[in-house]
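Chain by chain, the residues run as shown.
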Amino acid sequence: MGNIYRILRLGTQIKSRRLKLLGLWLFHVLGRRYIGVFLDPVMACNFRCKMCYFSDEEKRKTLKGSLRYEEIEAIAASLFHRALKLQVGCGAEPTLHKDLIKIIGLGKKYKVPYISLTTNGNLLTKEQLSAAVENGLDELTLSAHGFTRETYEYLMANGKFDLFKRLLADVADVKKKYPRFKLRINYTINNANLEELSCIWDIVGSQLDILQLRPIQKIGDSEYNDFDLTRIYASYDTVLQPLIEECRRRNIICLAPDKRNIIMLEENEVDDNSFEKATYCYVSPRECWKDDFDYRTETFESYAARRHLGRQLLGKAFGKAKRQKVDVTRKMNYNIK
Ligand code: SF4
């Protein structure tokens, strides 16, 4: 299996929406893998990041629940054989789940080609990391909202910069034994941490394989509420572009929006997202893939047959693309640089 980023790059290179949807339809009818499973095994977080809904007390009260391992086993049995990627950790902190390593092992059991873990990393020990990689983990994605102690601990409330740096050292050690294991950093850019991007090489050093640069987006109520992207847009050529070029020089995959896309985001307009919707499978204690899908009694295939997913995909491929306006922007068009 090639790297998932090669597939993503191919996806961004194919400009025709119809062609992409037809490709998906083909994968669908041939029984091939094409969905990305984004799994939050537990709806809790040890951090209270200021840009995240976990910083909002009211919202936090609604975020609860944990999937039992047996439930995740059943979900894996019904969906994982069609997954191209399994991402453990999406909108909460997966290291708070006691069976994290076994969950990663389920991805391997069902031969999911790319398994990643998205975490703030403060609770992850070196032993757990080694065990996770041994159990099939391909990539560790660390969220970072600053590269100095001051900014990191201010924006990532409850987080400890020293633990972040310790984990980076652990990653370096684990990579010696597993050189194919990858480190990804997801950096959410705002007006308070834009300049710190230049410190990335001092902090993360040569361990970095993938960097995602994500201008701040409103994903719900949060303590930090400066969503003005004007300065980020204005600094694109002096801050972001040189970083993108340095990544290229160092052979690091950089996922970043185009300059134009930052402004389009501000207008809160997103393109037709039929492709993303067809491949996106979110699982948490509160939901699993589709509202009317029951993983206890159904499989991907029985649901697809019942709801005529193949026919729906074909209809979308030949139907008119829809543009839409949204209040909350969750998805951004990242280009793989
Ligand atoms: S670590 Fe992630 S889930 Fe937790 S508060 Fe921060 S952004 Fe939110």
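What this report covers is the structure whose coordinates are included nearby. (Residues numbered from 1 in each chain as written. Predicted model: local features only at pLDDT ≥ 70, side-chain atom pairs only at ≥ 80, totals over all residues. Heavy atoms only, no water.)

Where charged atoms from two side chains of opposite charge approach closely, those side chains can pair. Taken as a whole, this structure holds 20 salt bridges when the rule is applied. Between Glu 195 and Arg 231 there is a salt bridge, with its nearest N and O atoms 3.1 Å apart. With Glu 195 in the loop between strand E5 (182-189) and helix H9 (200-204) and Arg 231 in helix H10 (residues 230-234), this pair connects stretches of sequence that are 36 residues apart. Residue Glu 195 is classed as partly exposed on the basis of its relative accessible area of 48%. Close ionic contact of Asp 237 with Lys 259 constitutes a salt bridge, the shortest N to O distance being 3.1 Å. Of this pair, Asp 237 sits in helix H11 (residues 236-249) while Lys 259 sits in helix H12 (residues 259-266), and the two are 22 residues apart along the sequence. For Asp 237, a relative accessible area of 49% gives the class partly exposed. Shared partners join several salt bridges into a network, and the residues in it are Arg 68, Glu 70 and Glu 71. (Salt bridge = Lys/Arg side-chain N within 4 Å of Asp/Glu carboxyl O. Helix = DSSP H or I, 4+ residues; strand = E, 2+ residues; numbered from the N terminus. Buried < 20%, exposed > 50% of the residue type's maximum accessible area, 1.4 Å probe, protein only.)

For the rest of this paragraph, the subject is the packing of helix H2 (residues 17-29) against helix H15 (residues 309-318). Where H2 meets H15, the closest approach of the two axes is 8 Å, and the angle between their N-to-C directions is 165°. When the interaxial angle is binned, H2 and H15 end up roughly antiparallel. The chirality of how H2 crosses H15 is left-handed. For the pair H2 and H15, contact is made by Arg 17, Arg 18, Leu 21, Leu 22, Leu 24, Trp 25 and His 28 and by Leu 309, Gly 310, Leu 313, Leu 314, Lys 316, Ala 317 and Phe 318, respectively. Partitioned by chemical class, the residues of the contact of H2 with H15 number nine nonpolar, two polar and three charged. (Axes fitted to C-alpha atoms, helices over the stretch in contact; angles between N-to-C directions. Parallel < 35°, antiparallel > 145°, perpendicular 65-115°, else oblique. Left-handed = near helix turned anticlockwise from the far one by under 90°. Contact = heavy atoms within 4.5 Å. Nonpolar A, V, L, I, M, F, W, Y, C, P; charged D, E, K, R; others polar.)

As a further point, take the pairing of strand E3 (residues 114-119). E3 sits mainly inside the fold: six of its six residues count as buried. With burial as the criterion, each face of E3 is covered, one bearing Tyr 114, Ser 116 and Thr 118 and the other bearing Ile 115, Leu 117 and Thr 119. Here strand E2 (residues 83-88) runs beside E3; their pairing, made up of four bridges, is parallel. Bridge assignment links Gln 87 to a residue of E3, and that residue is Ser 116. In this view, the connection linking E2 to its parallel neighbour E3 by way of helix H5 (residues 100-109) has right-handed handedness. Bridge count for E3 against strand E4 (residues 139-144) is four bridges, and the pairing is parallel. Looking at E4, one finds that Leu 117 is bridged to Leu 140. (Pairing = 2+ DSSP bridges. Right-handed = clockwise from strand over helix to strand, strands pointing away.)

Let us look at the packing of helix H6 (residues 126-134) against helix H8 (residues 161-177). With their axes 10 Å apart at the nearest point, H6 and H8 run at an angle of 40° to one another. By the criterion of interaxial angle, the relationship of H6 to H8 is oblique. Regarding H6 and H8, the two cross each other, and that crossing is right-handed. Of H8, the residues touching H6 (which contributes Lys 126, Leu 129, Ser 130, Val 133 and Glu 134) are Leu 167, Asp 170, Val 171, Asp 173, Val 174 and Lys 177.

Take the packing of aromatic side chains next. Summed over all chains, the structure comprises 13 aromatic pairs. Ring centres of Phe 80 and Tyr 110 lie 6.2 Å apart, and the angle between their planes is 90°; on these two criteria the pair is classed as edge-to-face. Here Phe 80, found in the loop between helix H4 (69-79) and E2, pairs with Tyr 110, found in the loop between H5 and E3; they are 30 residues apart in sequence, far enough to count as distant. Given a relative accessible area of 1%, Phe 80 falls into the buried group. The rings of Tyr 34, Trp 289, Phe 293, Phe 300 and Tyr 303 are connected pair by pair, giving a single aromatic cluster. If you follow Arg 32 out to its NZ or CZ, it ends over the ring of Phe 27, 5.2 Å from the centre. (Phe/Tyr/Trp six-rings, centres within 6.5 Å; stacked < 30°, edge-to-face > 60°. Lys NZ or Arg CZ within 6 Å of the ring centre and 35° of its normal.)

Moving on, we come to H8. With 17 residues, H8 should cover 24 Å at 1.5 Å per step; its first-to-last C-alpha distance of 25 Å lies within 8% of that length. Considered for burial, the residues of H8 that qualify are Phe 161, Phe 164, Leu 167, Leu 168, Asp 170, Val 171, Val 174 and Lys 175. Looking at the packing, one finds that the buried side of H8 touches H6, E4, helix H7 (149-155), E5 and H9. (Expected span 1.5 Å × (residues − 1).)

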